[in-house]
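Survey of secondary and tertiary structure
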Amino acid sequence: MPKPLTDQEKRKQISVRGLAGVENVSDLKTNFNRHLHFTLVKDRNVATKRDYYFALANTVRDHLVGRWIRTQQHYYEKDPKKIVNGWQVEEADDWLRYGNPWEKARPEYMRPVHFYGRVEHTPEGVKWVDTQVVLALPYDTPVPGYRNNVVNTMRLWSAKAPCDFNLKDFNVGGYIQAVLDRNLAENISRVLYPNDNFFEGKELRLKQEYFVVAATLQDIVRRFKSSKFGSTEVVRVDLSTLPDKVAIQLNDTHPALAIPELMRILLDTEHQTWEKAWDIVTRTCAYTNHTVLPEALERWPIDLFQNLLPRHLEIIFEINRRHLERIANLYPGDHDRLRRMSLVEEGDQKKINMAHLCIVGSHAVNGVARIHSDIIKATLFKDFYEVDPHKFQNKTNGITPRRWLVMCNPGLAEVIAERIGEDYIRDLGQLKNLLEFVDDDSLIRDIAKVKQENKLKFSAYLEEHYKVKINPNSMFDVQVKRIHEYKRQLLNCLHIITLYNRIKKEPNKNWTPRTIMIGGKAAPGYHTAKLIIRLITAVGDIVNHDEVVGDRLKVIFLENYKVTLAEKIIPASDLSEQISTAGTEASGTGNMKFMLNGALTIGTMDGANVEMAEEAGEENLFIFGMRVDDVDAMDKNGYDAMEYYNRIPELKLAMDQIAGGYFSPDQHDLFKDIVNMLLHHDRFKVFADYEAYIKCQDKVSALYKNPKEWTKMVIHNIAGCGKFSSDRTISQYAREIWGMEPSLERIPAPDDPRQ
Ligand SMILES: *Cc1c(COP(=O)(O)O)cnc(C)c1O
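Rules and cut-offs
- Residues numbered from 1 in each chain as written.
- Predicted model: local features only at pLDDT ≥ 70, side-chain atom pairs only at ≥ 80, totals over all residues.
- Heavy atoms only, no water.
- UniProt positions renumbered as here; feature names shortened; annotations may be inferred.
- Phe/Tyr/Trp six-rings, centres within 6.5 Å; stacked < 30°, edge-to-face > 60°.
- Helix = DSSP H or I, 4+ residues; strand = E, 2+ residues; numbered from the N terminus.
- Buried < 20%, exposed > 50% of the residue type's maximum accessible area, 1.4 Å probe, protein only.
- Lys NZ or Arg CZ within 6 Å of the ring centre and 35° of its normal.
- Pairing = 2+ DSSP bridges.
- Axes fitted to C-alpha atoms, helices over the stretch in contact; angles between N-to-C directions.
- Contact = heavy atoms within 4.5 Å.
- Patch = residues over 30% accessible without salt bridge, like charges linked within 9 Å, V, L, I, M, F, W, Y side chains within 5 Å.
- Areas by Shrake-Rupley, 256 points an atom, 1.4 Å probe, with all protein chains shown as cover.
- Salt bridge = Lys/Arg side-chain N within 4 Å of Asp/Glu carboxyl O.
- Lys, Arg positive; Asp, Glu negative; His and termini not counted.
- Charge placed at Lys NZ, Arg CZ, Asp CG, Glu CD.
- Near = heavy atom within 4 Å.
- Polar contact = N/O pair within 3.5 Å; in protein donor to acceptor, adjacent residues only side chain to side chain.
- Nonpolar A, V, L, I, M, F, W, Y, C, P; charged D, E, K, R; others polar.
- 1 Å grid on protein atoms, 1.4 Å probe; cavity = no way out; pocket = protein on both sides within 12 Å on 5 of 7 lines; lining within 4 Å.
- Points joined across faces, edges and corners; volume = space filled by probe spheres on them.
- Right-handed = clockwise from strand over helix to strand, strands pointing away.
- pLDDT = per-residue confidence, 0-100.
- Expected span 1.5 Å × (residues − 1).
- Bend = angle between axes of the 7 residues up to and from the residue.
- Parallel < 35°, antiparallel > 145°, perpendicular 65-115°, else oblique.

For the chain, an unreviewed UniProt entry supplies the name Alpha-1,4 glucan phosphorylase and the organism Oncorhynchus kisutch. In its Subunit (unreviewed entry) section, the UniProt record describing the chain reads: "Homodimer. Homotetramer; to form the enzymatically active phosphorylase A." Within the UniProt record for the chain, the comment given under Catalytic activity (unreviewed entry) is "[(1->4)-alpha-D-glucosyl](n) + phosphate = [(1->4)-alpha-D-glucosyl](n-1) + alpha-D-glucose 1-phosphate".

Set out below in structure tokens:
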């Protein structure tokens, strides 16, 4: 009689049988050995009991993982989404929680950054003393070139409290405070201010700006001194050749403190004369302006400065004294000009105008599209242009064709390569060779086919991630960008309401079906922008559930718009909305991404739209509305929104619906602030362009009915995209501002025998 099995033997049999469906015993052993080897890094000669236990536990856990993940996915999909009732709700993005695999900390290059304290003028020179120190810890990220063996470095800085931070004034109870204060110091690099085109004069922001500048400049000077160029036999390295090797491009005024900081280093540490130091600074620095909106311009209160950066304030005052002395000599008796051009703005609170500091401290100043560079010369920086016209340049923005075509739209990249080869990826100007094929039916067919595939793919994505079903045969009409009054998402919204009313009025007419998608983030403190999002979602709620309308009009608000979403939606778009008030959008780059991906543009003559129309032919874009001159004239003569409201019945109807609660039946006055703004204090003149916009949209709808003509126009646009490569932009910065020629020297690959 066979001996009965022990409990342990039974369990073993059951578990082996249980596993049989999944994996046999020899696989189990293999996996156990794999974990012992690769996970625990042991072999059987040295493994302990605990190692065997862990190897077994890992092997068993592997069996649970698939089910575990699937279960959680199931729960997640059942879970209601967080978007709350059509309002934008912010969520913290702790993106470093799990580490960043691309960055490498470089603690060996850590640098101290000083704040607060006071300035001592001594016979030996100027000393900035009694400061608080925060350490700047560098993190390097590799930036590979496109198939050229080049890998550059992007160096970012993290704030770190020094070991002895506040610990010297130890006493009973002081310890806890000292530990808490370490957090305060490290807050400097904790958060990015989320505003778009808006200046918020917070001390923490000024600290951030100085922190990055001070760390970077120390790094620049250290590297220059240790380079072959800087380190000669002479003991003291002369910084007079710094501008020959180093260019500091001030990307907006946010790093403007580089100017007084480099002066401080040259004067107080390197003991150069003012004249010598100023020559080095102005030859090294150049400034790019990014906006003309007055609320976006940095003007720091002097009190903040005096407290946080007393030595820098002294230096700025001296820069200003010499600057105004020069202007006074050029324009004797013109006191108003001195006031206008001063780096110090008088008023209730004295402020430093950082753009003025940048212009005075730079050898080159540029805007980011031709119209924008012209506007800053004629208005914002007119006085400065008059005295130093040679400083003013233009550098039209660009986008990288690697990310914004090859990576995000491989289908289109391939269709193009089949006609003109692959060289256009490095030399985007070659896209014009497509014009040879503009009447070629096979190209028209292929371009339309890729677009349709992209639209189907994006529809599936929307269905999966946003739980909305859309009609992939409708026109995908897309406006994705930060939500801001000047970008005029409200104008788009008025068109949506107008279309809706028209369809309701004549439901049997042959309407061109549209899916109108609007996406973007509002700055968390920008009330009007958040209300604009709420209006779009409210309009969507009414339109999307109206059975008369059906799938001829759908309105989708895309939350959490970011590069990853841009890469998906742009290749799937038919119509690109670039409808800012003329004179307000410096360049825009979204406009270029859409153009390169075969969307047609409906837009104003603003920013880079102007050059897009020039490159593709104005007849190949849907250009409408006021030009900059019209807007200026209206500013002089006065803009009367009520006049448009009373004269244009479709506009009046749309506004009355918004104001009367048609789209917010539970709260009739929900949009009163928007209504009041549009009617009485709209800086961006939405109504003045309404009629022209609607008429232009009618032309868009008509053309969409003719797919062949539509696609031909698309080909003209793709062919006209060459100018908008960032390769062209960067080489112009290099040649025309930094005084460099692109290097043709070949860098060998690490495994290249020629190295
Ligand atoms: C390109 C891009 C922008 C800029 O868009 P504009 O239309 O030029 O304002 C903004 N956000 C994301 C995610 C982008 O990719």
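Focus: the packing of aromatic side chains
Per the stated rule, a full pass over the model turns up 17 aromatic pairs. Ring geometry for Phe115 and Tyr210: centres 5.8 Å apart, planes at 80 degrees, overall edge-to-face. Remark: Tyr210 occurs in helix H5 (residues 203-226) and Phe115 occurs in strand S2 (residues 111-115); sequence separation between them is 95 residues. Their ring planes at 40 degrees and their centres at 6.0 Å tell us that Tyr639 and Tyr644 sit as a pair that is tilted. Exposure remark for Tyr644: the relative accessible area of 13% places this residue in the buried category. Connected via pairs of aromatic rings, a cluster forms that spans Phe115, Trp128 and Tyr210. Geometry around Tyr331 places Arg337 over its ring, the cationic atom sitting 3.7 Å from the centre. The ring of Phe476 carries the charged tip of Lys455 above its face, separated from the ring centre by 4.6 Å.

Here we look at the sheet that holds strand S8 (residues 285-288)
Taken together, 4 strands build an open sheet; the order of strands is S7-S8-S12-S13 and the sheet is parallel. The two strands at the open ends of the sheet, each matched to only one other strand, are strand S7 (248-251) and strand S13 (392-394). Neighbouring strand axes in the sheet, compared pairwise and without regard to direction, differ in orientation by 25 degrees on average. Pairing geometry for S8 and strand S12 (residues 365-367), over 2 bridges, is parallel. Counted as the bridge partner of Tyr287 is Val365 from S12.

Some details on the environment of Phe384
Mapped onto the secondary structure, Phe384 falls in helix H14 (residues 382-387). Judged by relative accessible area, Phe384 falls into the buried class, the value being 4%. Residue contacts for Phe384: discarding those within four places in its chain leaves His323, Met341, His356, Ile359, Val360 and Phe392.

Some details on the UniProt feature "modified residue: N6-(pyridoxal phosphate)lysine" (unreviewed entry) in the chain
The feature "modified residue: N6-(pyridoxal phosphate)lysine" (unreviewed entry), as given by UniProt, occupies Lys593 in the numbering adopted here. Tracing the backbone through its elements, the reader meets Lys593 in helix H21 (residues 590-596). We classify Lys593 as buried; its relative accessible area is 15%.

Topic: a negative patch on the surface
Together, Glu414, Glu422, Asp423 and Asp427 make up a negatively charged patch on the protein surface. With respect to the secondary-structure elements, Glu422 resides in the loop between helix H16 (410-420) and helix H17 (441-465).

With respect to the pattern of salt bridges
Overall, the coordinates contain 60 salt bridges when judged by the stated rule. A salt bridge links Arg118 to Glu120; the shortest N-O distance between them is 3.1 Å. For Glu120, a relative accessible area of 28% puts it in the partly exposed group. If you follow the salt bridges from partner to partner, you end up with Asp334, Asp336, Arg337, Arg339, Arg340, Lys382, Asp383 and Glu386 in one network.

Re the site of the ligand
Around the ligand, the surrounding shell consists of Trp404, Lys481, Lys487, Tyr561, Lys562, Val563, Ala566, Gly588, Thr589, Gly590 and Lys593. Contacts to the ligand include Lys593, whose side-chain N or O atom sits 2.6 Å from an oxygen atom. Considering the ligand on its own, with 390 Å² of exposed area, one finds that the protein chains cover 80% of that surface. Among the secondary structure elements, those contributing two or more residues to the shell around the ligand are helix H20 (563-569) and H21. Of the residues assigned to the shell around the ligand, the class counts are 4 nonpolar, 3 polar and 4 charged.

Some thoughts on empty space enclosed by the protein
Considering all chains together, one arrives at 3 cavities of 30 Å³ or more under this definition. Across the lining of the largest cavity, the residue classes tally to 1 nonpolar, 6 polar and 4 charged. There is about 40 Å³ of room inside the second largest cavity. Along the walls of the second largest cavity sit Val292, Ile371, His372, Ile375, Gly583, Thr584, Glu585, Ala586, Asp606 and Gly607, which together make up its complete lining. Considered class by class, the residues forming the lining of the second largest cavity number 4 nonpolar, 4 polar and 2 charged.

Description of the side chain of Asp546
Turning to its location among the elements, Asp546 is positioned in the loop between helix H19 (527-544) and strand S16 (553-558). Taking relative accessible area as the criterion, Asp546 reaches 12% and is therefore assigned buried. Aside from chain neighbours lying at most four places away, what touches Asp546 is Tyr500 and Lys504.

Considering the pairing of strand S15 (residues 514-519)
A large share of S15 lies buried, amounting to 6 of its 6 residues. Residues Arg514, Ile516 and Ile518 line one face of S15 and the alternating positions Thr515, Met517 and Gly519 line the opposite face, and both faces are buried. Bridge analysis of strand S14 (residues 475-480) against S15 gives 6 bridges, and the strand direction is parallel. Counterpart to Phe476 in the pairing with S15 is Thr515. Taken together, S14, helix H18 (residues 489-505) and S15 constitute a β-α-β crossover, and its handedness is right-handed.

Observations regarding the sheet that holds S16
Reading across the sheet, the 6 strands line up as S16-S15-S14-S17-S18-S19 and stay open at both edges, with parallel pairing between neighbours. On the outer flanks of this sheet lie S16 and strand S19 (622-623), each paired with one strand and no other. Strand direction decides the pairing type here: S14 and strand S17 (residues 575-578), joined by 2 bridges, are parallel. Bridge pairing links Val478 to Ser576 in S17.

Here's the deal with the confidence of the model for the chain
Mean pLDDT over the chain stands at 93; residues scoring 70 or higher make up 92%. This stretch, residues 13-22, has a pLDDT under 50; its non-local contacts, to residues over four places away or in other chains, come to 6 contacts.

Side note on helix H27 (residues 686-704)
Taking 1.5 Å of rise per residue, the 19 residues of H27 would be expected to cover 27 Å, and the 25 Å separating its terminal C-alpha atoms lies within 8% of that figure. At Ala692, H27 shows its maximal kink, close to 30 degrees.

Quick notes on the packing of H18 against helix H25 (residues 649-660)
At their nearest, the axes of H18 and H25 sit 9 Å apart, and the two run at 100 degrees to each other. In this view, H18 runs roughly perpendicular relative to H25, as classed from their interaxial angle. Here Leu494, Ile497, Thr498, Asn501 and Arg502 of H18 come into contact with H25, specifically with Glu650, Leu651, Leu653, Ala654, Met655, Gln657 and Ile658. For the contact of H18 with H25, a count of residues per class yields 7 nonpolar, 3 polar and 2 charged.

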